[in-house]
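Okay, here's what each chain looks like letter by letter:
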Amino acid sequence: AAVLGALFLWLAWQLRREALEMRNVGRYKLERRLGQGGMAEVWAAYDRTLKQRVALKTISGQRPGSLAIARLEREVRALAELSHPNTVRVFDYGVTDDGLWYYAMELLRGQNLRELVEREGPISIPRLLRIAHQVLRALGEAHRKGIIHRDIKPDNVFVAELGGERDVAKLLDFGIAKATVDGEVNLTGTGWVAGTPAYMPPEIIRGRPADVCSDIYSFGATLYFALTAKLPFNSEDEQAMFDAHLRGPPPHLSGASPQPIPAALANIVHRCMAKDPKDR
């Protein structure tokens, strides 16, 4: 019975996927699925009006006002407020008659920072600094507008080839971003922890509000991974990962990286990951 049930679910998913691949979403024709996470999927699609290819983020099976839709709307609002060239651009937002919510953004060619490190190993310092400066400029605009990203990590830093230029960084995924201005709706319950454990600052683990310093911590952890191809704290157990973030500093970069790390750069990364936000 269990095997038959699993087979039925798999067949249902295959039929749904094939149906999606052949369907149109508004003015967009879906071409291929690029990724999936949680309740959302990202598709490469063709905009039949503007005659260009885009990336389409979709959520189905959710009612208006649900938590998933509220987060999708929050992400669209955050991206619509941002105009920095190193933040992914959003073009359109809507919902189909059968309840498929979506927004269209620029389709990028390249790979995220995690994939780049996994393929090539630790990033050279000159290259990483070029990428880091672009991410910081995009993040700086968000912070000036009162938007805290809350999920800075290698997966959300896309390294693209754009207009003939290599290593153009794009900051992605504002789905759990938090506005620091009045009027922000609380989309998390008491005790809900937002972010990715491997890059999560101690104050978020403790359930405190996120601020600019929280993004700095996650950015420092992202730099650490890019320079070493290792997580600052590595554990398969989520609670052990949380404890490590709360307890002490990661292994020093000078010993963790296969390439020589200038003392000034190592100091910056470790200061970003200071336990007390005031020390970052």
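Scroll up to find the structure this text is about.
The residue numbers shown here count from 1 along each chain, following its written sequence. For this predicted model, a pLDDT threshold of at least 70 governs which residues receive local features, and a threshold of 80 or more governs which side-chain atom pairs are given and counted, while totals over whole chains, interfaces and linings are taken from all residues. Each side-chain value is worked out from all heavy atoms of the structure, with water and hydrogens disregarded.

Re the overall build of the chain
Argument step 1. The secondary structure listing takes helices from DSSP runs of H or I that are at least 4 residues long and strands from runs of E that are at least 2 residues long, numbered from the N terminus. Counting its regular elements, the chain contains 9 helices and 11 strands.
Argument step 2. Exposure categories follow from relative accessible area, calculated using a 1.4 Å probe and restricted to protein chains: below 20% of the type maximum is buried, above 50% is exposed, and the middle band is partly exposed. A total of 280 residues make up the chain; the buried ones form 48% of that total.
Argument step 3. Note on definitions: a residue-residue contact is assigned when non-hydrogen atoms from the two residues lie within 4.5 Å. Expressed as a percentage of contacts within the chain between residues at least 6 apart in sequence, the contacts between residues at least 24 apart total 61%.
Argument step 4. For the accessible areas, the method is Shrake-Rupley and the probe is 1.4 Å, while residue cover comes only from the protein chains on display. On the chain, roughly 14,400 Å² of surface is accessible, and the fraction owed to carbon and sulfur atoms is 54%.

Here we look at the pairing of strand S5 (residues 90-95)
Argument step 1. In terms of strand pairing, S5 meets strand S6 (residues 101-106) through 5 bridges, oriented antiparallel. Bridge pairing in S6 links glycine 94 to tyrosine 102. At least two DSSP bridges between two strands are needed for those strands to be called paired.

Topic: the side chain of glutamine 134
Argument step 1. Within the secondary structure, glutamine 134 sits in helix H4 (residues 125-144).
Argument step 2. Judged by its relative accessible area of 11%, glutamine 134 falls in the buried class.
Argument step 3. Aside from chain neighbours lying at most four places away, what touches glutamine 134 is His84, Asn86, Asp167, Val168 and Ala169.

Details of H4
Argument step 1. Between its terminal C-alpha atoms H4 stretches 28 Å, which fits the 28 Å expected from 20 residues at 1.5 Å a residue.
Argument step 2. Positive phi appears at glycine 146, one or two residues downstream of H4, with a value of about 80 degrees. Expected span of a helix, by definition, is 1.5 Å for each gap between consecutive residues, and there is one gap fewer than residues.

Quick look at the environment of glutamine 52
Argument step 1. Mapped onto the secondary structure, glutamine 52 falls in strand S4 (residues 52-59).
Argument step 2. Residue class for glutamine 52 comes out partly exposed when judged on its relative accessible area of 29%.
Argument step 3. Along the primary structure glutamine 52 and leucine 107 are separated by 55 residues, whereas in three dimensions their C-alpha atoms are 9.3 Å apart.
Argument step 4. Leaving out residues up to four positions away in the same chain, glutamine 52 has contacts with Ala45, Tyr46, Asp47 and Phe91.

Thoughts on the sheet that holds strand S2 (residues 28-37)
Argument step 1. Ordered in space as S1-S2-S3-S4-S6-S5, the 6 strands form an open sheet in which the pairing is antiparallel. Looking at the sheet topology across the chains shown, the edges are occupied by strand S1 (24-25) and S5.
Argument step 2. Where S2 meets strand S3 (residues 40-47), 8 bridges bridge the pair, whose relative direction is antiparallel. Pairing of lysine 29 across the sheet is with tyrosine 46, part of S3.
Argument step 3. Against the sheet, helix H2 (residues 67-81) makes contact with S4, S5 and S6, and its axis sits at roughly 30 degrees relative to S6, the strand it touches most. Between N-to-C directions, angles cover 0 to 180 degrees, with each direction set by a line fitted to C-alpha atoms, over the stretch in contact for helices.

Thoughts on helix H6 (residues 212-228)
Argument step 1. The end-to-end C-alpha distance of H6, which contains 17 residues, comes to 25 Å, matching closely the 24 Å that a straight helix rising 1.5 Å per residue would cover.
Argument step 2. Judged by how many residues are buried, H6 sits mostly within the fold: 14 of 17 residues are covered.
Argument step 3. What qualifies as a polar contact is a pair of N or O atoms within 3.5 Å, subject to a donor-acceptor requirement within protein and to the restriction that residues adjacent in sequence count only when both atoms come from side chains. Put simply, aspartate 211 is the residue that caps the front of H6, since its side-chain oxygen is 3.0 Å from the backbone nitrogen of cysteine 213.
Argument step 4. Residue alanine 229 follows H6 closely and has a positive phi angle near 65 degrees.

Some points on the sheet that holds strand S9 (residues 157-162)
Argument step 1. A sheet is described by the order of its strands in space; here 3 strands give the open sequence S7-S9-S10, paired in antiparallel fashion. The sheet is open, and its two edges are formed by strand S7 (110-112) and strand S10 (165-171), each paired on a single side. Between one strand axis and the next, the sheet turns through 25 degrees on average, direction left out of account.
Argument step 2. Both S7 and S9 contribute to a ladder of 3 bridges, which runs antiparallel. Looking at S9, one finds that glutamine 111 is bridged to valine 159.
Argument step 3. Against the sheet, helix H3 (residues 113-120) makes contact with S7 and S9, and its axis sits at roughly 100 degrees relative to S7, the strand it touches most.

Any functional reading would require information that these geometric values do not contain.
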